[in-house]
Amino acid sequence: MTFQALLTSKTGDKITTSMVSLSEQDLMPGDVLVDVDYSTVNYKDAMAITGRSDIIRQFPLIPGIDFAGTVKTSAYPGIAAGDRVVANGWGLSQTHHGGYAQQARVKGEWLLKLPATLSTKDAMAIGTAGYTAMLSVLALEHGGLTPQHGDVLVTGANGGVGSIAIALLSGLGYRVVASTGRLEESDYLRKLGAADIIDRRTLSEKGAPIARERWAGAVDSVGSHTLANVLAHTKYRGVVTACGLAQGLDLPTSVLPFILRNVTLAGIDSVNAPQQVRIEAWARLARDLDLDKLARTTHVVGLAEVPAVVERLFAGTIRGRTVVDVN
Ligand code: NDP
């Protein structure tokens, strides 16, 4: 019995990804075998497949940092054949074969049973990007933010994290300001729940270390000068989350937003988040995310199309979330 997969290989400095036919014995050790239904394309997948960042640590490897599917066999307590499961992060696409395949064998502790109201397709429409958006919302709440405190800014608004953060926050009653480089997508952003839209160029250059108070909170996936300016404009006792580096991995800021405005900067990591945090995030996604809005952010491609999608992601022409139907 063979199955289809994408395989990323390295020859010298050259990284290539192609469709291959594999069998169960080609998979890595693990106590659960999953029939994968869907995977997805995240920014990190794009970095992995193109080798722009050293995400993949051993070659050849099946990329794909997440997948959702149905358990075929399990030797892991609490997970049984027939369970619908999701996996995000851990070693997937780094040291362990990932989700761009029709089958995956992984450690049971990496799997989470899906809430009953979410299909495996919903789970990958959410994907690591949406789950990271939820982790960001949880961090805002942990910092004490409520809709009564004022506007919340979402940067990288048309991206995966940004689109789902807008849908989540507006559903929770926040007035959301979306920052984007694609003002022509304003209609889409308003339908997701953005009340106001700003041009990302107003945040992307070096600015003053502290400036007029504009928002009570922010979900940032962009980093660099953008995050520095977001902090400078955050209101007294505001909360800002940082999960990404779409503009850059530097953070040219000062301590002023922290020591004058009592601003909190909360870091977000989805890859090694403890299981309890993941369970809470997925339960909240099932409760708080409007599935009609989710469908609006999503388009579906086949496995073979992933390398082309990755190029479009870097070109900035992908909007929202890309689900990969591996079958
Ligand atoms: P996407 O590529 O889907 O979205 C990124 C968005 O950022 C783009 O759509 C664009 O939005 C904006 N953007 C791109 N380039 C720039 C730039 N030079 N300056 C300002 N804005 C820019 O990526 P994801 O949403 O999947 O991920 C976003 C970031 O979060 C990535 O850096 C990713 O690595 C990180 N991430 C981190 C995780 C973690 O665990 N910490 C988990 C998931 C993601 P627009 O066109 O609207 O301006």
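Conventions adopted
Residues numbered from 1 in each chain as written. Predicted model: local features only at pLDDT ≥ 70, side-chain atom pairs only at ≥ 80, totals over all residues. Near = placed C-beta within 6 Å. Helix = DSSP H or I, 4+ residues; strand = E, 2+ residues; numbered from the N terminus. Nonpolar A, V, L, I, M, F, W, Y, C, P; charged D, E, K, R; others polar. UniProt positions renumbered as here; feature names shortened; annotations may be inferred. Buried ≥ 20, exposed ≤ 12 C-beta atoms within 10 Å, placed from the backbone. Contact = placed C-beta atoms within 7 Å. Domains from an automatic or database assignment. Pairing = 2+ DSSP bridges. Axes fitted to C-alpha atoms, helices over the stretch in contact; angles between N-to-C directions. Parallel < 35°, antiparallel > 145°, perpendicular 65-115°, else oblique. Right-handed = clockwise from strand over helix to strand, strands pointing away.

Colleague: Lay out the site of the ligand with the relevant residues and their values.
Modeller: Neighbouring residues of the ligand: 32 residues in total, closest Gly156, Asn158, Gly159, Thr180 and Gly244. At the level of elements, α1 (43-50), α2 (120-142) and α3 (160-171) are the ones that each hand at least two residues to the shell around the ligand. Residue classes in the shell around the ligand are distributed as 11 nonpolar, 17 polar and 4 charged.

Colleague: Please set out the UniProt feature "domain: Enoyl reductase (ER)" (unreviewed entry) in the chain residue by residue, giving values where relevant.
Modeller: Taking the numbering used here, the UniProt-annotated feature "domain: Enoyl reductase (ER)" (unreviewed entry) corresponds to residues 12-324. Annotated as residues 12-324, this span is 30% helix and 26% strand, and its ends, taken at the C-alpha atoms, are 29 Å apart.

Colleague: Outline α1, supporting the account with residue identities and numerical values.
Modeller: At 3.6 residues per turn, the α-helix brings residues three or four places apart onto the same side. Where burial is concerned, most of α1 is hidden: 7 out of the 8 residues are buried. Inspection of α1 places Tyr43, Lys44, Asp45, Ala46, Met47, Ala48 and Ile49 among the buried residues, and these make up the whole buried set. As for α1, its buried residues are in contact with β1 (2-11), β2 (14-23), β3 (32-41) and α9 (306-314). Looking at the residues trailing α1, positive phi occurs at Gly51, about 75°.

Colleague: So what about the domain arrangement of the chain? Which residues, and what values?
Modeller: Reports of interface size often rely on the accessible area that becomes lost once the parts have come together. Split by domain assignment, the chain resolves into domain 1 (2-114 + 294-325) and domain 2 (130-267). The centre of domain 1, based on its C-alpha atoms, is set 29 Å off from the matching centre of domain 2. Each partner contributes residues to the interface: domain 1 has 8 residues there, and domain 2 has 11 residues. A total of 3 residues in the side of domain 1 that touches domain 2 trace back to one element, the largest contributor, which is helix α8 (residues 291-297). Taken together, the residues of the side of domain 1 that touches domain 2 break down into 1 nonpolar, 4 polar and 3 charged.

Colleague: Got a sec to walk through the environment of Leu61? Specific residues and values, please.
Modeller: Relative to the assigned elements, Leu61 resides in the loop between α1 and β4 (66-74). Look at Leu61 and you get buried, because 25 C-beta atoms sit within 10 Å. With 209 residues separating them in the primary sequence, Leu61 and Ser270 have C-alpha atoms 21 Å apart. Apart from residues no more than four positions distant in its own chain, Leu61 is found in contact with Thr8, Ile56, Ser93 and His97.

Colleague: I'd like to hear about the sheet that holds strand β9 (residues 176-180), residue by residue, with values.
Modeller: With parallel pairing, 6 strands are arranged side by side in an open sheet as β10-β9-β8-β11-β12-β13. Where the open sheet ends on each side, the last strands, each with one partner, are β10 (194-199) and β13 (264-267). Taken over all neighbouring pairs, the strand axes of this sheet differ in orientation by 20° on average, direction set aside. Sheet topology places strand β8 (residues 152-154) next to strand β11 (residues 215-220); 3 bridges connect them, and they run parallel. What sits directly across from Val154, in β11, is Val219.

Colleague: Give me the lowdown on the packing of α2 against helix α7 (residues 275-288), citing residues and values where you can.
Modeller: Interhelical geometry of α2 versus α7 gives an angle of 100° and a closest axis separation of 9 Å. The orientation of α2 with respect to α7, classified from their angle, is roughly perpendicular. Facing Ile126, Gly130, Tyr131, Met134, Leu135 and Leu138 of α2, the residues of α7 in contact are Glu280, Ala281, Trp282, Arg284 and Leu285. Looking at the contact of α2 with α7, its residues break down into 8 nonpolar, 1 polar and 2 charged.

Colleague: Please provide a residue-by-residue account of the pairing of β9, values included.
Modeller: Across the 5 residues that make up β9, a large majority, 5, are buried. Of the pairings in the sheet, the one linking β8 to β9 comprises 3 bridges and is parallel in character. For Val152, the partnering residue across the bridge sits in β9 and is Val176. Handedness of the crossover joining β8 and β9 through α3 is recorded here as right-handed. After leaving β9, the chain enters helix α4 (residues 186-192) and then returns to the sheet as β10, a path that is right-handed.

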